[in-house]
Amino acid sequence: NKHRARDKQWYQRRVAITAGGDESVDDMEISGALKSGKVSEEGMKTMTHINNIPKLKERLEAIQKKLPWIENLDVTVDLKVPIEDMKAVINDNFKQEMLFYKQSQVGAQQSIARLISMGISTERPEDYFAEMVKSDVHMKRVKEKLISKQLTMERTEKVTKMRKMKRLGKKVQQEVLKKRADDKKGMIEKVKKIRKGKAEQADADDFEINTEPETSSGKKGKDDINKKRKAKDSKYGFGGKKKMAKKNTQESAKDVTTFSSRIHSKPKRSAKNDKRMGGGKPSGKPSGKPQRPGKTKRANNKNRARNK
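What this report covers is the structure whose coordinates are included nearby. (Residues numbered from 1 in each chain as written. Predicted model: local features only at pLDDT ≥ 70, side-chain atom pairs only at ≥ 80, totals over all residues. Heavy atoms only, no water.)

## Quick look at unusual backbone geometry
Here is step 1 of the chain: The residue Leu 73 is not glycine, and still its phi comes out positive at about 55°.
Here is step 2 of the chain: Within the secondary structure, Leu 73 is located in the loop between α5 (69-72) and α6 (83-90).
Here is step 3 of the chain: The exposure class assigned to Leu 73 is partly exposed, which follows from its relative accessible area of 44%. (Helix = DSSP H or I, 4+ residues; strand = E, 2+ residues; numbered from the N terminus. Buried < 20%, exposed > 50% of the residue type's maximum accessible area, 1.4 Å probe, protein only.)

Encoded structure:
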């Protein structure tokens, strides 16, 4: 009996505090009390629910503090929402958030208007000075932490960007090399055409070459021959048969226009200059450097010197 009375009193106190609250809360309280051993199942059978509203109001007035509105700044906003719209709001989280936003906005507007009517400023002055809640050392650590996070993020973004640029750079490099190879191939083909004389004027303009002869204006054309080349051709010939080239023909033998007696005739012989007629230098000791002996005589002289 003593245990049953204690359990009944404990349960009545819990019911009085909840004041007819949510049944799920009561069920949780009861199950927790049963598990902890504070309430027995036999005591629960004899318990009755009590909802003493006057006592609850009396207790509320005892603990309630009657402070001026400026101390608590409580505002009650009654948004009149139709029942049809409320059914849609219950199942839509976005509409619920919008309803809360509108309710807060209306409450803020009412509070600001009431504060202005009371002569209380709602904005902080420009020269307002107040001590920081946190110390300068702590804020310095916070600042360093934020800066390090920012640097880390920038470094990560930079690395990611460099990787993308590297992949893009390889692709661009391949395109550039391919373009260079194509341009080189096309240039070689144009040069070959110009060398063969098959190039058009548009292709020759790329090299600043005029493919048409300009002999009339005094410039060198296709039919003009270099002077140096012409001189060598006249001296050495320019192909063809060279053997017996200087042999006289019947026509050249009869042609005496180029003959000159002063150049081609031999000097007349005289007794003074002709050795066969006893002319020339007198015999005796030879003058000047002695004549070198012949090859056979030199060999014989060499053999004699060895035999000695």
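## Overview of a nonpolar patch on the surface
Here is step 1 of the chain: A surface patch of nonpolar side chains, about 310 Å² in accessible area, is lined by Ile 70, Leu 73, Met 118 and Ile 120.
Here is step 2 of the chain: Tracing the backbone through its elements, the reader meets Ile 70 in helix α5.
Here is step 3 of the chain: We classify Ile 70 as partly exposed; its relative accessible area is 33%. (Patch = residues over 30% accessible without salt bridge, like charges linked within 9 Å, V, L, I, M, F, W, Y side chains within 5 Å. Areas by Shrake-Rupley, 256 points an atom, 1.4 Å probe, with all protein chains shown as cover. Salt bridge = Lys/Arg side-chain N within 4 Å of Asp/Glu carboxyl O.)

## Some remarks on helix α7 (residues 93-117)
Within an α-helix, residues lying three or four positions from one another point in the same direction, as the helix has 3.6 residues per turn.
Here is step 1 of the chain: Taking 1.5 Å of rise per residue, the 25 residues of α7 would be expected to cover 36 Å, and the 36 Å separating its terminal C-alpha atoms lies within 8% of that figure.
Here is step 2 of the chain: Along α7, the residues classified as buried are Leu 99, Gly 107, Ser 111 and Leu 115.
Here is step 3 of the chain: Considering only its buried residues, α7 is in contact with α5 and α6.
Here is step 4 of the chain: Just downstream of α7 lies Gly 119, where phi reads positive at about 80°. (Expected span 1.5 Å × (residues − 1). Contact = heavy atoms within 4.5 Å.)

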